[in-house]
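Coordinate analysis (summary)
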Amino acid sequence: MGLEYYLALSAIFFGIGLYGALTRRNAVAVLLSIEIMLNGATLNLVSFSRFTPAKSTGQVFTLFIMAVAAAEVAVGLALVFALYRAAKTVDVDEIDMLRG
Amino acid sequence: MSWSVFAPEIIVFAVALIALLIELDRDVKRPWLGYVIGMGFIGALVADAVLLGAGVTETAFNGGYRIDALAAAFKAILLAASALVAIATARVSIAGAKRGEFYLLLSLSVLGATMMASAGDLLVLFLSLELTVLPSYALVALKRDGRSTEAALKYFLLGMVASAIFIYGASLTFGLTGSISFTDIAASLSRTGMSPALVIGIITLLAGLGFKIAAVPFHFWAPDVYEGADVPVASYLAVGPKAGGFAAIIRLFVVALGPAATTWAPLFAIIAVGSMLVGNLAALSQTTVRRLLGYSSIAHTGYLLVGLAVVSGYARTSLIFYFLVYSAAVLGAFLIVLAAAPTVGESIEGFAGLSKRAPGLSFAMAVFLFSLVGLPPLAGFIGKFYLFSSAVRGGMVWLAVVGVVNSVISFGYYSNIIRQMYLVKPVASSEVSVPWPLKATIYFLVAAIAVIGIYPSAILTMLNL
Amino acid sequence: MTYAWLIPALPAASFIILLFLGKRFGKWSHFVSVGAILSAFAISSFILYQVIGGRGSEVLIPWLSIGELDLNVGILIDRLTAVMLMVVTSVASLVQIYSVGYMKEDRRYHWYFACLSLFTAAMLMLVLSANYVQMYASWELVGLCSYLLIGFWFEKKAAADAAKKAFVTTRIGDVGFLLGLVVLYYAVGNLDVGSVLAARLAPAVATAASLLLFLGAMGKSAQFPLHVWLPDAMEGPTPVSALIHAATMVAAGVYLVARSYPIFAASGVAMDVVAGIGAVTALMAATIALVQRDIKRILAYSTISQLGLMMIGLGVGAYSAAVFHLTTHAFFKALLFLGAGSVIHSAHTQDIFEMGGLAKKMKGTAFTFAVGGLALAGFPGLSGFWSKEGILTAAFVKGAYPVFAAALLTSLLTAFYVGRLYFVVFTGSMRKNMQAKVHESPLAMVAPLAVLAFPAGLVGLIGSPLFGNAFQGFLRLGESGEHVNLMVMGLSIAVALAGLGFAWIKYSTGLLPSGLIKTSNPFFLLLKNKYYLDEIYTRGLVAPVVGGSRALFSFDSGVVDGAVNGTAWLTSKAGDLVRRAQRGQIQDYGLVMVLGIIVLIFWMLTFARL
């Protein structure tokens, strides 16, 4: 299998994640969708790494992204929790106090 | 390479650790903590100034980290601004949070932004970028009320999307050029030239960084966050992440993507014009000072991007200089809000007759706002003159004209605040009491703006521009 | 002449001293500021003496030098500067002395003198600037001070509004100035006055630059259609009006054109525009002045009209005559305003029809007012006559007959409204309720009037043929020498006398029935409502701008509509996505981000050079 297949798959991942991030109403689901976007990007990195001379760079990059993603999820879930406590909702549609 | 070149980062990291240790002891109220943290930042600033003065140019970690004049200049602005924020907030109540928590998150974010200015490859850039924004999400939510939580969630979710887009761009750029190091990317780019896929890579990278500097169309979070966050947080956010973002953009585009400058320069021109227009026009009909400053900061991102739309060293120098000038004025304006809000609130109408109740603060606010407009003889005028003259020299007269016209539009909403302060009767007559560190910081910024405006050569020499 | 920097520095120092120590000085504040301005006046006199002796100087010091950008500041002294310095410092000195009496009871006495000092300092810096950027900086500072002074009594809503109007209107002109500088910088490569004026500009560049600069001058010097702020600026204290109208603010625009005259002269189009706008302004303002009832507004419209006359002079190439008129006008207009202040001070009204017969109680004021009025009306032998004469002659000799006709008609109208003003206020019978309170103003107010009356009446002589047109000869800049045109002079004497005479018949003798001009007459209404220009601005200009910004602003809060419209061409799937995304704010934001990226990518792939 050539590089194109991997790239296409990662683009699809990224697109699905983006779609989810822009359409899901539940904040947790949005968070999940963003993770899928990240997975698309990391898949890109890993496959480029596999098919180009710069062997390990992409894989190392991926490891870092995974670590950062974990940290982000921690912050994100804390925020969702705080939102639930403040507004009794986790629905991103319903928070629009700040606008204009 | 000696470790001493990392002195600013090491000191900031130590500052963060101190804040963390003090935060462990939760029961003490500590007005002195702000001074300690502020002194720490000043120490880092001195270390940075020494590096800048000595003209140190070093590359570390296989080109992943660069210490040079560009990095040092941005770090100096950033560290000075952070030190001022820390000192100004020393005796201010930081709502809903333990003081230590605020300073801990602040210094971690500052650490990230300093590293961002030095990033020499995509991985370090990504990591430092995340280190900058992750604590700032928490900072925004620090107040723990509905508005700040909402602002934080918006900032966080959009920021995550922007980061994901950035990484996607980074992966494409890596794949197509075979490297993540900026210099190697440049070498590969001048060999192979541009390709459509790389265009996508560049634009997605730009989107990720454009989010941090609040450039149109990635600007939506800025007004909401500046309004929703606690004021000390907002004043840091208007400067800190932006400094890192601009340094990273300059480094990424000028160094790594320099061979493709003819491709991306028009891109910056569009974004610059869009940011100026959206920021200024939306600001015209705002009713609260902070939201107005939020839109105004979007407009200023637009002015600053003129320095990238014109591809020349001269233009980039003018960008750095204008960034300094902008930081001083916008930080000052936020600190005025911090000082005045407990008494008069945050609506523009609340500022009515402030000149009677707090003549010093009103005068300072007028100086900040006039500097943001670009009225001579304040620093903002020299900054804009410098920036727009670079556009004229670069043959982009139209961009200078757009900038000038926008500055005039901006005058409408800034002068509205000044009019309220000076030409409208006060609604109440109670004095506005301001803690002295905050007052001292504000007057320091006024003096800085006046001095830079009247004798700009001094600061230009200091920044080694 | 290196000490010339002291001229603006002294009032500036006075500002700083009063800013910080003003409260301590209190009632003695004026000593600081009057002392400073009198010293500046002394130095200016000495400089004039030296310049007459043939010396001039240009001192440039590098101020900002980075990379390829060199910005100098400095002091440029030539004949124009020397004349302007004299005008500004002398009028400012008298205004400040006069203010001592006029503002005596004001609570913010020290702040008033601080602003006045800064105002003067900025104007002096403007006149001395050796670099256009420096000039622009002073220009803005002048505007800022006028904002503070017009709105000095900001408790009055009208004053606060007038201040805002003045600032905003002149800002429109300032854009022109700034863009003009952009053009000049592009063409010349630096902005030192000396090198810009020496540069040979292509005609197109000269036209663009001069028209843009003229836009700036139109704002500051209240030329049609940017004149609307000046009458409202009357809300400030009367001495401030005198200063604005005579020596500082409005003179700045004329000075800018005069200073940049070589650029204008290089473009025929620009000269014609200047003359044309000047003619329209002069005539329009003079007609409006005919029907105003407020003493200060009459004078304000008269200022606009006279400024139009100066622009006519510059536009037809009578450079020295225009500057001459600026000089004479500064003196007699200052005199008239200070006289009006004295009248208002004692009558406590500004409506001329509530006054009458004041000459009996206020002899000094009435006499000096008459001198100023006659000078303005162009009464033969007085200042205004000689300077107006030069402009009329130049317009006539150049063959610009429509402009000449407009200027002549303006002179007729001027004489008439001056006569009306004087006869209604000072002659006739006094109203009952006035009798008790009217009194002559204190000496500190009358003395400057008396002092001003001499230059106001006589300064014109130095530019008259009797003295061999010495003034014009001093300033001459590539124009042919003045030669007296007896026909023009005869006409101008005739219109001045006719106007004054008709006013005398109408308002003093009562020979004409008072109902001669019906107030319901549409032409009268048109004049009374100032050609409805304010209304046109409010409806035509302000409303769309506000509307436009609202529209763009709503884009940000309801991105939805814009997004829907902008992406109608996208596939139904994408359309569905947009529709779904309409529900939540965050996701709207995200959607626009993504759409922005997509648009940028398409744009780059289609148009950019890869």
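Starting afresh in each chain, residues are numbered from 1 along the sequence in its written order. All chains are assigned letters beginning with A, and all ligands numbers beginning with 1, in the order in which they are written. Per-residue local features of the predicted model are confined to residues with pLDDT of at least 70, and side-chain atom pairs are confined, for both listing and counting, to 80 or more; whole-chain, interface and lining totals are unaffected and use all residues. Values reported for side chains reflect all heavy atoms of the structure, with hydrogen atoms and water molecules removed beforehand.

Looking at the overall build of chain C
To keep things clear, this is the line we draw: Secondary structure elements are taken from DSSP: a helix is a run of H or I of four residues or more, a strand is a run of E of two residues or more, and numbering for both begins at the N terminus. Accessibility here uses a 1.4 Å probe with only protein chains present; expressed as a share of the type maximum, an area under 20% marks a residue as buried, one over 50% as exposed, and anything in between as partly exposed. Any two residues whose heavy atoms approach within 4.5 Å are treated as being in contact. Note that accessible areas follow from Shrake-Rupley with a 1.4 Å probe, and for residues the cover is restricted to the protein chains shown.
For chain C, the helix and strand inventory stands at 27 helices and two strands. When burial is assessed residue by residue, chain C has 60% of its 610 residues classed as buried. A separation threshold of at least 6 residues defines the contact pool for chain C, and within that pool the share at least 24 residues apart is 80%. Carbon and sulfur atoms make up 69% of the accessible area of chain C, which amounts to about 22300 Å² in all.

Brief notes about the overall build of chain A
Rules: Within these notes, the globule rule equals 2.2 Å times the number of residues to the 0.38 power, and the radius of gyration is based on C-alpha atoms. Charged residues are defined narrowly, with Lys and Arg counted positive, Asp and Glu counted negative, and His plus the chain ends left uncounted. Lysine's charge is taken at NZ, arginine's at CZ, aspartate's at CG and glutamate's at CD.
The secondary structure content of chain A amounts to three helices and zero strands. Along its sequence from the N terminus, chain A presents helices and strands in the succession α-α-α. Here chain A has a C-alpha radius of gyration of 17 Å; the compact-globule value for 100 residues is 13 Å, and the former is much larger. In chain A, once contacts between residues fewer than 6 apart in sequence are set aside, the share between residues at least 24 apart is 54%. In chain A, 7 side chains carry a positive charge and 7 a negative one; their mean positions are 5 Å apart.

Quick look at the environment of Ala247(C)
All names here are of chain C. The topology assignment puts Ala247 in the loop between helix H10 (238-246) and helix H11 (249-259). On the basis of relative accessibility, which here comes to 1%, the residue Ala247 falls in the buried class. Linking Ala247 and Leu85, residues 162 residues apart in sequence, is a C-alpha distance of 9.6 Å. Ignoring anything within four residues of it in the chain, the contact list for Ala247 reads Val87, Val88, Val91, Met123 and Ala242.

Considerations on the interface of chain B and chain C
Put simply, an interface is often sized by how much accessible area is lost when its parts join up. Put simply, the rule reads: By convention, the term buried area covers the 1.4 Å-probe accessible surface removed from two parts as they join, with the contributions of both added. For this analysis, a salt bridge means a side-chain nitrogen from Lys or Arg found within 4 Å of a carboxyl oxygen belonging to Asp or Glu. We call two N or O atoms a polar contact when they sit within 3.5 Å, provided that within protein one can donate a hydrogen and the other can accept it, with sequence-adjacent residues counted only if both atoms are side-chain atoms. Classes in brief: Ala, Val, Leu, Ile, Met, Phe, Trp, Tyr, Cys and Pro nonpolar; Asp, Glu, Lys and Arg charged; the others, Gly included, polar.
The interface of chain B with chain C comprises 66 residues on the first partner and 52 residues on the second. When chain B packs against chain C, close to 5800 Å² is buried across both sides, 80% of that on carbon and sulfur atoms. On the chain B side of the contact with chain C, Phe220(B), Phe385(B) and Leu423(B) bury the most area, a combined 12% of that side's loss. Our count for the chain B to chain C interface comes out at zero salt bridges. On the surface where chain B and chain C come into contact, there are two residue pairs in polar contact (both at pLDDT 80 or more). Elements with a contribution of two residues or more to the side of chain B that touches chain C: helix H6 (146-177), helix H8 (196-212), helix H12 (261-284), helix H16 (359-373), helix H17 (379-393), helix H18 (397-423), helix H19 (436-454) and helix H20 (456-462) of chain B. Grouping the amino acids of the side of chain B that touches chain C by side-chain chemistry returns 50 nonpolar, ten polar and six charged.

A look at the pattern of salt bridges
Residues and elements named next belong to chain B. One pass over the structure, following the stated rule, counts twelve salt bridges over all chains. Arg291 serves as the salt-bridge partner of Glu227, at 2.6 Å between the closest nitrogen and oxygen. Residue Glu227 is found in helix H9 (residues 221-228), and its partner Arg291 is found in helix H13 (residues 289-309); the two are separated by 64 residues along the sequence. The exposure class assigned to Glu227 is buried, which follows from its relative accessible area of 13%. Taking the relative accessible area as the measure of exposure, Arg291 reaches 4% and is therefore buried. Among the charged side chains, a salt-bridge network with shared partners connects Arg147, Glu150, Lys154, Asp224, Glu227 and Arg291.

Observations regarding empty space enclosed by the protein
Threshold: Any residue with an atom within 4 Å of a point lines the site, the site being either a cavity, points on a 1 Å grid over the protein atoms alone where a 1.4 Å probe fits but cannot get out, or a pocket, an open set with protein on both sides within 12 Å along at least 5 of 7 lines. Grid points are joined across faces, edges and corners, and a volume is the space filled by probe spheres set on the points.
The final tally for this structure, using the stated rule, is eight cavities of 30 Å³ or more. Looking at the largest cavity, it is lined by 20 residues, and the ones nearest its centre are Phe381(B), Phe385(B), Phe388(B), Val404(B) and Leu178(C). Counting residues per element, the ones that place at least two in the lining of the largest cavity are H17 and H18 of chain B together with helix H5 (132-150) and helix H6 (157-188) of chain C. Of the residues contributing to the lining of the largest cavity, the split by class is 15 nonpolar, three polar and two charged.

Some points on the interface of chain A and chain B
Contact with chain A, which involves 42 residues of that partner, is made by 38 residues of chain B. Both faces considered, chain A and chain B share a buried interface measuring about 3500 Å² in area, 82% of it formed by carbon and sulfur atoms. Here chain A is connected to chain B by zero salt bridges. In this assembly, chain A and chain B are joined by one residue pair in polar contact (both at pLDDT 80 or more). Those elements giving two or more residues to the side of chain A that touches chain B turn out to be helix H1 (3-23), helix H2 (27-51) and helix H3 (57-87) of chain A. Of the residues forming the side of chain A that touches chain B, the biggest block, 16 residues, is contributed by H3(A). When the residues that make up the side of chain A that touches chain B are grouped by side-chain class, the tally is 30 nonpolar, eight polar and four charged.

Thoughts on the nonpolar core
Selection criterion: What is meant by a nonpolar core is a set of buried Ala, Val, Leu, Ile, Met, Phe, Trp, Tyr and Cys residues, joined one to another through side-chain atoms within 4.5 Å. In this entry, domain limits derive from an automatic or database-based domain assignment.
Ranked by size, the top nonpolar core spans 413 residues in total, and within it Phe41(B), Phe74(B), Leu252(B), Phe351(B), Tyr132(C) and Leu314(C) carry the most contacts. The greatest single-element share of this core, amounting to 24 residues, is contributed by helix H14 (residues 313-344) of chain B. Summarising the domain contributions, this core has at least three residues from each of domain 1 (1-255) and domain 2 (257-465) of chain B. Leu309(C), Ala395(C), Ala407(C) and Leu408(C) belong to the second-largest nonpolar core, a separate cluster that totals 21 residues.

Describing the packing of aromatic side chains
Residues and elements named next belong to chain B. Here is the rule: What counts as a ring pair is set by centres within 6.5 Å for rings of Phe, Tyr and Trp (its six-membered ring), and what kind of pair is set by the plane angle: stacked under 30 degrees, edge-to-face over 60, tilted for all other angles.
All chains considered together, the criterion is met by 39 aromatic pairs over all chains. Plain terms: the ring middles of Tyr314 and Tyr386 are 5.4 Å apart, the flat faces sit at 70 degrees to each other, and that makes the pair edge-to-face. In this pair, Tyr314 is assigned in helix H14 and Tyr386 in helix H17, connecting sequence segments 72 residues apart. Note on accessibility: Tyr314 and Tyr386 belong to one class, buried.

Some words on the side chain of His329(C)
Within the element layout of this structure, His329(C) appears in helix H15 (residues 319-347). For His329(C), the contacting residues outside a window of four places in its chain are His245(C), Thr303(C), Gln306(C), Met310(C) and Ala334(C).

Re the packing of H5(C) against H11(C)
Residue and element names in this part refer to chain C. Stated formally: To get an axis, a line is fitted to the C-alpha atoms, and for a helix only the part in contact is used. The angle between two axes follows their N-to-C directions and goes from 0 to 180 degrees. Put simply, angles under 35 degrees are roughly parallel, angles over 145 are roughly antiparallel, angles from 65 to 115 are roughly perpendicular, and the rest are oblique. A crossing counts as left-handed when the near helix is turned anticlockwise from the far one by less than a right angle, and as right-handed when that turn is clockwise.
Taken N-terminus to C-terminus, the directions of H5 and H11 make an angle of 165 degrees; their axes are 10 Å apart at the nearest point. Here H11 runs roughly antiparallel to H5, going by the angle between their axes. Crossing of H5 over H11 shows left-handed handedness. For the pair H5 and H11, the contacting residues are Tyr132, Met135, Trp139, Val142 and Ser146 in the first and Met249, Ala252, Gly253, Tyr255, Leu256 and Arg259 in the second. Of the residues belonging to the contact of H5 with H11, the class tally is eight nonpolar, two polar and one charged.

Some words on helix H4 (residues 109-128) of chain C
Convention followed: By this rule the span expected of a helix is its residue count minus one, scaled by 1.5 Å.
Here H4(C) contains 20 residues, and its C-alpha end-to-end distance of 29 Å stays within 8% of the 28 Å for a straight helix at 1.5 Å per residue. Burial analysis of H4(C) places 18 of its 20 residues in the buried class, the great majority of the element.

Overview of the side chain of Gln223(C)
All names here are of chain C. Locating Gln223 in the fold gives a position in the loop between helix H8 (203-220) and helix H9 (229-232). For Gln223, the side chain forms a polar contact with the side chain of Thr281, separated by 3.4 Å. Residues within four places of Gln223 in sequence aside, it is in contact with Met218, Ile277, Gly278, Thr281, Ile304, Leu307, Gly308 and Met311.

Quick notes on the packing of H6(C) against H8(C)
All names here are of chain C. In the contact formed by H6 and H8, the axes pass within 7 Å of each other and the chain directions differ by 155 degrees. One way to sum up the angle between H6 and H8 is to call them roughly antiparallel. Seen from above, H6 lies across H8 with left-handed handedness. Residue-level inspection shows Thr170, Ile172, Gly173, Asp174, Gly176, Phe177, Leu179, Gly180, Leu181, Val183, Leu184 and Ala187 of H6 in contact with H8, the latter providing Val205, Ala209, Leu212, Leu213, Leu215, Gly216, Gly219 and Lys220. Classifying every residue of the contact of H6 with H8 gives twelve nonpolar, six polar and two charged.

Brief notes about the confidence of the model for chain C
Stated precisely, the cut-off is as follows: Per-residue confidence from the predictor is given as pLDDT, running between 0 and 100.
In this model, chain C carries an average pLDDT of 75, and 79% of its residues clear a pLDDT of 70 or more. Contacts of residues 548-584 of chain C to residues separated by more than four positions or lying in other chains number 42 contacts, the stretch itself having pLDDT below 50.

Concerning unusual backbone geometry
Both trends apply: most residues other than glycine have a negative phi, and most peptide bonds are in trans. Val216(B) connects to Pro217(B) through a cis peptide bond whose omega is 5 degrees. Relative to the elements of secondary structure, Pro217(B) occurs in the loop between H8 and H9. With a phi angle near 55 degrees, Lys88(A) is a residue other than glycine that sits in the positive phi range. By the secondary structure assignment, Lys88(A) is in the segment after H3. Notably, Asn62(B) is not glycine yet its phi reads approximately 55 degrees, a positive angle. In this structure Asn62(B) comes out as exposed when scored by relative accessible area, which is 78%.

Observations concerning the environment of Asp224(B)
One can find Asp224(B) in helix H9. With 72 residues separating them in the primary sequence, Asp224(B) and Ser296(B) have C-alpha atoms 13 Å apart. For Asp224(B), the side chain forms a polar contact with the side chain of Tyr589(C), separated by 2.9 Å.

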